[in-house]
Amino acid sequence: MNTKSGTGVNMAQTALILIDVQQGFDHPKWGQRNNPAAEQYMAALLQHWREQEQPVVHVRHQSQEPDSPLRAGQEGFEFKALARPLPGETLFTKKVNSGFIGTELEAWLQAKGIKQLVIAGLTTDHCVSTTTRMAGNLGFSVQLVADACATFDRPGVNGELIAAEEIHRIHLASLHNEFCVVKNTSDVIAAHTK
């Protein structure tokens, strides 16, 4: 397990990874969402990492589904304004749930000597969870930022509606102390300040 808390972490080797902060997740097709403030926390993390001149990685999803708002060439494929990459920031585009599959993310992190990751983005139970699980299994020390993630209501296998907040909490609980340490934005920023 990779459960380092981040205390005493060398900031030069801690990358912020923002996952799928794309306009397509504002589409009504997704349904009800939890944590409407998530993007503000993502923006706070991003601003802090930029001010600290630490590595920022943007991961976006390029859906292969014909009716997805996240397909390339559509407005929904673009980043939300508060998380738009700046020139010089690293960007990887994925076609599956993990930021490590079909991209050079792992090789890039290894080449930079980065061993600690802070992960936030959309959605908690899909691409955020999958990327976090893989990062932990690949040997990275991961902090997952609970208040800088969100998800949507989803039907259960028996047709019952499962609320987004319940999905969010359960996924965070299953990841915590197994693949990552779950923290909130304020604690992460406090721990990652020079």
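Criteria and thresholds
Per chain, residue numbering runs from 1 following the sequence as it is written. Given that the model is predicted, a residue must reach a pLDDT of at least 70 before its local features are reported, and side-chain atom pairs must reach 80 or more before they are shown or counted; all residues, however, enter totals for whole chains, interfaces and linings. To obtain the side-chain values, all non-hydrogen atoms of the structure were used and water was disregarded. Paired strands, in this sense, are two strands between which DSSP finds at least two bridges. Strands here mean DSSP runs of E at least two residues long; helices mean DSSP runs of H or I at least four residues long; both are numbered from the N terminus. Inter-axis angles, ranging from 0 to 180 degrees, are taken between N-to-C directions of lines fitted to C-alpha atoms, where helices are fitted over the stretch in contact. Only centres within 6.5 Å qualify two rings of Phe, Tyr or Trp (six-membered ring in Trp) as a pair; their planes then separate them into stacked at under 30 degrees, edge-to-face at over 60, and tilted for everything else. Classification of residues uses two cut-offs on accessible area relative to the type maximum, computed with a 1.4 Å probe and protein chains only: under 20% is buried, over 50% is exposed, and between them is partly exposed. Charges are assigned to positions over rings by a cutoff of 6 Å between ring centre and Lys NZ or Arg CZ, combined with an angular limit of 35 degrees from the ring normal. The predictor attaches a confidence to each residue, called pLDDT, with possible values from 0 through 100. Residues are treated as being in contact if the distance between any of their heavy atoms lies within 4.5 Å.

Peer 1: Whenever I open this one, the sheet that holds strand E4 (residues 116–122) confuses me. Can you help?
Peer 2: The strands that make up a sheet pair up through hydrogen bonds in the backbone, lying either parallel or antiparallel. The strand order E3-E2-E1-E4-E5-E8 describes an open sheet built from 6 strands, whose pairing is parallel. Each edge of the open sheet is held by one strand with a lone partner, namely strand E3 (90–94) and strand E8 (181–183). When strand polarity is set aside, the average angle formed by the axes of neighbouring strands in this sheet is 25 degrees. Taken together, the 3 bridges between strand E5 (residues 141–150) and E8 define a ladder with parallel strand orientation.

Peer 1: I tried to follow the packing of aromatic side chains on my own but got confused; where do I start?
Peer 2: The way to describe two aromatic rings as a pair is by their centre distance and the angle between their planes. Going through the model one piece at a time under the given rule, you end up with 5 aromatic pairs. Consider the rings of Phe92 and Trp108, whose centres lie 6.4 Å apart with planes at 75 degrees: the pair is edge-to-face. On the criterion of sequence distance, the pair formed by Phe92 in strand E3 and Trp108 in helix H2 (residues 105–112) is long-range, its members being 16 residues apart. This pair shows no difference in class: Phe92 is buried, exactly as Trp108 is. Ring pairs connect the aromatic residues Phe25, Trp30 and Phe152, which therefore count as one cluster. Sitting over the ring of Trp30, Lys29 keeps its end group 4.8 Å from the ring centre.

Peer 1: Help me understand the confidence of the model for the protein chain, please; the structure alone is not making it clear to me.
Peer 2: Note: predicted coordinates in regions of low pLDDT should not be interpreted at a detailed level. Summary statistics for the protein chain give a mean pLDDT of 94 and a share of 94% for residues scoring 70 or more. Scored below 50 in pLDDT, residues 1–9 shows 24 contacts in the model against residues more than four places distant or in partner chains.

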